[in-house]
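Observations on the three-dimensional arrangement
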Amino acid sequence: WDQFNTLLIDDSLEKAASEPHNLVQIREMVWNEDDQGIEILAQVAKYISKASNYRNVSAFVKENPFKHDPMPRDENTWAWMEQNMSDFMIHDDLDSDRRHSKQ
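This text gives an overview of the structure that appears in the document. From a predicted model like this one, the values you see are computed outputs, not experimental measurements. (Residues numbered from 1 in each chain as written. Predicted model: local features only at pLDDT ≥ 70, side-chain atom pairs only at ≥ 80, totals over all residues. Heavy atoms only, no water.)

Remarks on the layout of surface pockets
- The computed volume of the largest pocket comes to approximately 200 Å³.
- Lining the largest pocket are 11 residues, and of these Gln-43, Tyr-47, Lys-50, Phe-66 and Lys-67 lie nearest its centre.
- Looking at the lining of the largest pocket element by element, the count peaks at 4 residues for helix 1 (residues 37–51).
- Among the residues forming the lining of the largest pocket, the class breakdown is 4 nonpolar, 3 polar and 4 charged. (1 Å grid on protein atoms, 1.4 Å probe; cavity = no way out; pocket = protein on both sides within 12 Å on 5 of 7 lines; lining within 4 Å. Points joined across faces, edges and corners; volume = space filled by probe spheres on them. Helix = DSSP H or I, 4+ residues; strand = E, 2+ residues; numbered from the N terminus. Nonpolar A, V, L, I, M, F, W, Y, C, P; charged D, E, K, R; others polar.)

Points about the nonpolar core
- In terms of nonpolar packing, the biggest core is built from 10 residues, these being Val-24, Ile-26, Ile-40, Val-44, Tyr-47, Ala-51, Val-57, Phe-60, Val-61 and Phe-66.
- Broken down by secondary-structure element, the contributors of at least two residues to this core are helix 1 and helix 2 (57–63).
- The dominant element in this core, judged by the number of residues it contributes, is helix 1, at 4 residues.
- With residues near it in sequence (within four places) discarded, Val-57 still touches Gln-3, Phe-4, Asn-5, Thr-6, Leu-7, His-21, Asn-22 and Ala-51. (Core = buried A, V, L, I, M, F, W, Y, C linked by side-chain atoms within 4.5 Å. Buried < 20%, exposed > 50% of the residue type's maximum accessible area, 1.4 Å probe, protein only. Contact = heavy atoms within 4.5 Å.)

Side note on the environment of Met-29
- Locating Met-29 in the fold gives a position in the loop between strand 2 (23–25) and helix 1.
- Distance from Met-29 to Asp-10, taken between C-alpha atoms, is 9.6 Å for residues 19 residues apart in sequence.
- When residues no more than four places from it in sequence are discounted, the contact partners of Met-29 are Gly-37, Ile-40 and Leu-41.

Focus on the pattern of salt bridges
- All told, the structure shown has 1 salt bridge when counted by the stated rule.
- The partner of Lys-15 in a salt bridge is Asp-10, with the nearest N and O atoms 3.5 Å apart.
- The exposed category is assigned to Lys-15, whose relative accessible area is 57%. (Salt bridge = Lys/Arg side-chain N within 4 Å of Asp/Glu carboxyl O.)

Topic: the environment of Tyr-47
- Inspection of the secondary structure puts Tyr-47 in helix 1.
- Given the relative accessible area of 9%, Tyr-47 is considered buried.
- At 2.5 Å, the side chain of Tyr-47 forms a polar contact with the backbone oxygen of Asn-64. (Polar contact = N/O pair within 3.5 Å; in protein donor to acceptor, adjacent residues only side chain to side chain.)

Here it is as structure tokens:
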């Protein structure tokens, strides 16, 4: 493992001082009723997925730093969820395709 294939997910820049371009910096996670942790983690997962396409993730992070895109709390909520979380949701049509392929 080295700077070319490793990402650190943390809320502290100090922990990544030796390899700052390997840090996916997020805010500190503290649970409360209004916590948006799940949406941040979904965006981090999507970001990691994009980074995995690069031989040098450090260069990817340097050119494309992670930015949290807060979920709107209005009529745009579903559009935001589709854009940011669809890769992690179970879709009925996918389950149907899997059932048909087993037969």
